[in-house]
Amino acid sequence: MKLKLGIPKGSLQDATVHLFARAGFNIYVSSRSYFPSIDDPDIECMLIRAQEMARYVSDGVLDAGLTGQDWIEEHELGDGRTGALTPVADLIYAKQSFGKVRWVLAAPEDSAVHSAKDLAGKTIATELVRVTRAYFARQSVEVNVEFSWGATEVKPPVLADAIVEATETGSTLRANRLRIIDTVMESNTQLIANKKALADPSKRTKIENIALLLRAAIEAQGRVGLMLNVRAADLQTVLALLPALQRPTISALSDNNWVAVNTIIEEKTVRDLIPKLKAARAEGIVEYPLNKIVL
């Protein structure tokens, strides 16, 4: 039986498809279908909005899926079935960058709002209604939380006094003259699975293998491999220049006076490192891309 896997439709879709490609799974999305094809005969994909993913996984419509911690919490705070899904992997990637998304409380720049308590009796617009209500309840502040269908950042001050909105960089909020007051929650993508699916040995193995490869793809993001040859007499000087994931691999060459060094480094350090390695008399320096790193 095929594994029914939910792929988040919308803002996370492209980043998710790209991540799966790096993990070795090619997903082909058609604008005319909610059922993308995948080059794995044991998986059947379906595009589902991230906001609905937790519900469909917990109800067993899907065996597994990817969605944010924010929408999992929103589901768990609702009236739906709880305790039916299990987080399998924490996958830190987002639509613009491989990082976390923040849901923030924001108010107009020129408003007198400086904390949640300043919003007592006011109206808050957000897509994340239940989490927002829980946030204000923890602050012992009574507010009116309204569901926003989108373009939330344009609603203050006419349609709402403040908003709770997701942001990666804060640039959209600043462009709409909004000031961040507080962080309501941080969120990143989770691979979640239905507990009944995890009880099936073949599906569990498949889900765990997907999790392993997705984590490996994320570990490789922003890193490259570096190979070089160095004289044995210069080895310690070269090693002192190399940051490494663990330790550089050192291999003997046919010429006993030389060794080969292989390591993994942050891509952003390469442009400064290669000239230093060359100055330390390293030769045959090769930089190569990485798709996966399994720790």
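1. Considerations on the overall build of the protein chain
When helices and strands are counted, the protein chain shows nine helices and 16 strands. The C-alpha radius of gyration computed for the protein chain amounts to 24 Å, which surpasses the reference 19 Å derived for 295 residues by more than 25%, pointing to a less compact arrangement than a globule. With the C-alpha coordinates of the protein chain rotated into their principal frame, the extents come out at 80 × 55 × 35 Å. Evaluated residue by residue, the protein chain yields a buried proportion of 44% over its 295 residues. Considering only contacts in the protein chain between residues 6 or more positions apart, those separated by 24 or more positions represent 70%. Total accessible area on the protein chain stands at roughly 15,400 Å², and carbon and sulfur atoms take up 49% of it. The distance from the centre of the 35 positive side-chain charges to the centre of the 36 negative ones in the protein chain is 2 Å.

2. Considering the sheet that holds strand 6 (residues 85-91)
As summarised here, the arrangement of the five strands in space is 4-1-5-12-6, forming an open sheet in which the pairing is mixed. At either end of the open sheet lies a strand with only one pairing partner, and these are strand 4 (43-49) and strand 6. Taken pair by pair, the neighbouring strands of this sheet meet at an average axis angle of 30°, ignoring direction. Looking at chain direction, strand 5 (residues 64-68) and strand 12 (residues 189-194) are connected through five bridges and run antiparallel. Note on strand 12: the bridge partner recorded for Thr 67 is Gln 190. Against the sheet, helix 2 (residues 50-58) contacts strand 1 (3-9), strand 4, strand 5, strand 6 and strand 12, and its axis sits at roughly 130° relative to strand 4. Sheet strands touched by helix 7 (residues 201-220): strand 1, strand 4, strand 5, strand 6 and strand 12. Its angle to strand 6, the strand with the most contacts, is close to 25°.

3. Here we look at unusual backbone geometry
The omega angle of the peptide bond from Pro 156 to Pro 157 is 0°, so this bond is cis rather than trans. One non-glycine residue with positive phi stands out, namely Ala 151, at about 50°. Relative to the helices and strands, Ala 151 resides in the loop between strand 9 (144-147) and strand 10 (162-167). Taking relative accessible area as the criterion, Ala 151 reaches 47% and is therefore assigned partly exposed.

4. Examining the pattern of salt bridges
Inspection of the entire model under this criterion finds nine salt bridges. The salt bridge partner of Glu 52 is Arg 55, with a shortest N-O separation of 3.3 Å. Of the two residues, Glu 52 and Arg 55 both sit in helix 2, three residues apart, roughly one turn of that helix. Here Asp 63 makes a salt bridge to Lys 203, at a shortest N to O gap of 3.2 Å.

5. Considerations on the pairing of strand 1
The element strand 1 is extensively covered by neighbouring structure, given that five of its seven residues are classed as buried. Judged from the seven bridges that link them, strand 1 and strand 4 form a sheet pairing that is parallel. What sits directly across from Lys 9, in strand 4, is Arg 49. Sheet topology places strand 1 next to strand 5; two bridges connect them, and they run parallel. The residue bridging Leu 5 from the neighbouring strand is Ala 64, located in strand 5.

What counts and what doesn't
- Residues numbered from 1 in each chain as written.
- Predicted model: local features only at pLDDT ≥ 70, side-chain atom pairs only at ≥ 80, totals over all residues.
- Heavy atoms only, no water.
- Helix = DSSP H or I, 4+ residues; strand = E, 2+ residues; numbered from the N terminus.
- Rg over C-alpha atoms; globule rule 2.2 N^0.38 Å.
- Buried < 20%, exposed > 50% of the residue type's maximum accessible area, 1.4 Å probe, protein only.
- Contact = heavy atoms within 4.5 Å.
- Areas by Shrake-Rupley, 256 points an atom, 1.4 Å probe, with all protein chains shown as cover.
- Lys, Arg positive; Asp, Glu negative; His and termini not counted.
- Charge placed at Lys NZ, Arg CZ, Asp CG, Glu CD.
- Pairing = 2+ DSSP bridges.
- Axes fitted to C-alpha atoms, helices over the stretch in contact; angles between N-to-C directions.
- Salt bridge = Lys/Arg side-chain N within 4 Å of Asp/Glu carboxyl O.

No statement about biological role is implied by the geometric values presented.
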